[in-house]
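Chain residues, written in single-letter form:
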Amino acid sequence: MPAVTVDDILLLPRISEPDPAVARDRQVLAVTTAPSAFEGEGFPVRRAFAGVDLGALDPFIHMDQMGEVDYAPGEPKGTAWHPHRGFETVTYIIDGTFRHQDSNGGGGLITNGDTQWMTAGGGILHIEEPPEELVVSGGLFHGFQLWVNLPARLKMANPRYQDIRAGQVALLSSPDGGTLVRVIAGEVDGHAGPGVTHTPITLLHATLEPGAQLRLPWRADFNALGYVLAGSGTVGHDRRPVRTGQLAVFGPGDGITVAAGSRADGPSEGIDILVLGGEPIREPVAAYGPFVMNTRDELVQAFEDFQAGRLGTIPAEPHPGHDVL
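Below is a summary of the structure that appears in this document. (Residues numbered from 1 in each chain as written. Predicted model: local features only at pLDDT ≥ 70, side-chain atom pairs only at ≥ 80, totals over all residues. Heavy atoms only, no water.)

Take the overall build of the protein chain next. Secondary structure summary: the protein chain contains 3 helices and 25 strands in total. Here the C-alpha radius of gyration of the protein chain, 20 Å, is about what a compact globule of 325 residues would show, namely 20 Å. Counting only C-alpha atoms and orienting by the principal axes, one finds that the protein chain spans roughly 65 × 45 × 35 Å. Per-residue burial over the protein chain gives 54% buried out of 325 residues. The distance from the centre of the 22 positive side-chain charges to the centre of the 40 negative ones in the protein chain is 6 Å. (Helix = DSSP H or I, 4+ residues; strand = E, 2+ residues; numbered from the N terminus. Rg over C-alpha atoms; globule rule 2.2 N^0.38 Å. Buried < 20%, exposed > 50% of the residue type's maximum accessible area, 1.4 Å probe, protein only. Lys, Arg positive; Asp, Glu negative; His and termini not counted. Charge placed at Lys NZ, Arg CZ, Asp CG, Glu CD.)

As structure tokens, this is what we get:
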């Protein structure tokens, strides 16, 4: 799982651990296992938030772990052109390459630690697919897509696109040097990631070496979730066991603890985990298909606007041997 790595983690800024005398470590309220499904044209996903109440997820709506899958030649798949309104999509690629294009002019290739952050706002059309060379060759593909809700006052904001390169993420180390933390958005211990968010959130990817422990300071007004991308370990001060494809929902507090497993009979594997949280919006959610609004009437309007072509136009594709005027 490459994403972003470093040659010498000890040269990175260290995260200050929460003071146990004043900070309250968050308990784990629930651990759920993501069911497998297929998305788009048939690529495998794990539905990370399945079975979790929206109140515990707020301000997040949906998250898919895409892969990890090693495609044979001709197998890589993506999605067709489709609409969105009322939220933001965050696509983080750990291994492999994905091509994004949207009706607002945003797009490009995202690969190995890159993130594309698309604010759908009042409406946008987009497509996500593997580039032709990956379809021909096959290869490893792994990433995730997160949906971040927007409050009612921003549901119809202008669309925007952020192309966040792997080299832009903030890289941090745990005090013992056993954990690499990549801050994609928000901030941890005063270190900010590059993602610009309408809804205040923090999103990070941590890699813990076998036996390592990470104690993160966390805003008390944010919720907190941890999704295991690979490996196994424990979460919370009560050391709840977690493994690949499981989501931990944390309760209130000022800090989050994650540890890679350890075994008496030998070395353990490490753990890769997404830790995310944000300021709850606490508004009604009406979601269906590609739209996330506040009321059913707004959903109906979104479908009508899409059918009438008011959410954007699919850009013309140039054809070899023909000039585009």
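Tallied over the full model, the rule gives 8 salt bridges. A salt bridge links Arg-85 to Asp-305, with the nearest nitrogen and oxygen atoms 3.0 Å apart. Linking Arg-85 in the loop between strand S5 (82-84) and strand S6 (87-95) with Asp-305 in helix H3 (residues 296-307), this pair joins segments that are 220 residues apart in sequence. As far as burial versus exposure is concerned, Arg-85 and Asp-305 are alike and both buried. A salt bridge links Arg-219 to Asp-221; the shortest N-O distance between them is 2.6 Å. One continuous salt-bridge network, built from bridges that share partners, spans Arg-85, Asp-305 and Arg-310. (Salt bridge = Lys/Arg side-chain N within 4 Å of Asp/Glu carboxyl O.)

For strand S21 (residues 246-250), a buried count of 5 out of 5 residues is recorded, marking the element as mostly surrounded by other parts of the structure. Here S21 shows no split at all, with Gln-246, Ala-248 and Phe-250 on one side and Leu-247 and Val-249 on the other all buried. One ladder, built from 5 bridges, connects strand S1 (residues 28-33) with S21; its direction is antiparallel. Bridge pairing in S21 links Thr-32 to Leu-247. Taken together, the 3 bridges between strand S19 (residues 225-235) and S21 define a ladder with antiparallel strand orientation. Note on S21: the bridge partner recorded for Gly-226 is Ala-248. (Pairing = 2+ DSSP bridges.)

This next bit is on the packing of aromatic side chains. Throughout the structure, instances matching the rule amount to 5 aromatic pairs. Where Tyr-92 meets Phe-144, the ring centres are 5.5 Å apart and the plane angle is 70 degrees; that geometry is what we call edge-to-face. Residue Tyr-92 is found in strand S6, and its partner Phe-144 is found in strand S11 (residues 139-149); the two are separated by 52 residues along the sequence. You'll find Tyr-92 and Phe-144 in the same group, each marked buried. Joined through ring pairs, the aromatic side chains of Tyr-288, Phe-291 and Phe-303 make up one cluster. (Phe/Tyr/Trp six-rings, centres within 6.5 Å; stacked < 30°, edge-to-face > 60°.)

What follows concerns the sheet that holds S11. Pairing is antiparallel in the open sheet, where 7 strands are placed in the order S2-S3-S4-S11-S6-S9-S12. In this open sheet, the two strands that pair with only one neighbour each are strand S2 (36-39) and strand S12 (160-164). Averaged over neighbouring strand pairs, the angle between their axes works out to 25 degrees when direction is ignored. Across 3 bridges, strand S3 (residues 43-47) lies against strand S4 (residues 60-71) in antiparallel orientation. The partner of Val-45 across the bridge, within S4, is Met-66. (Axes fitted to C-alpha atoms, helices over the stretch in contact; angles between N-to-C directions.)

Interpretation in functional terms is not warranted from these geometric data alone.
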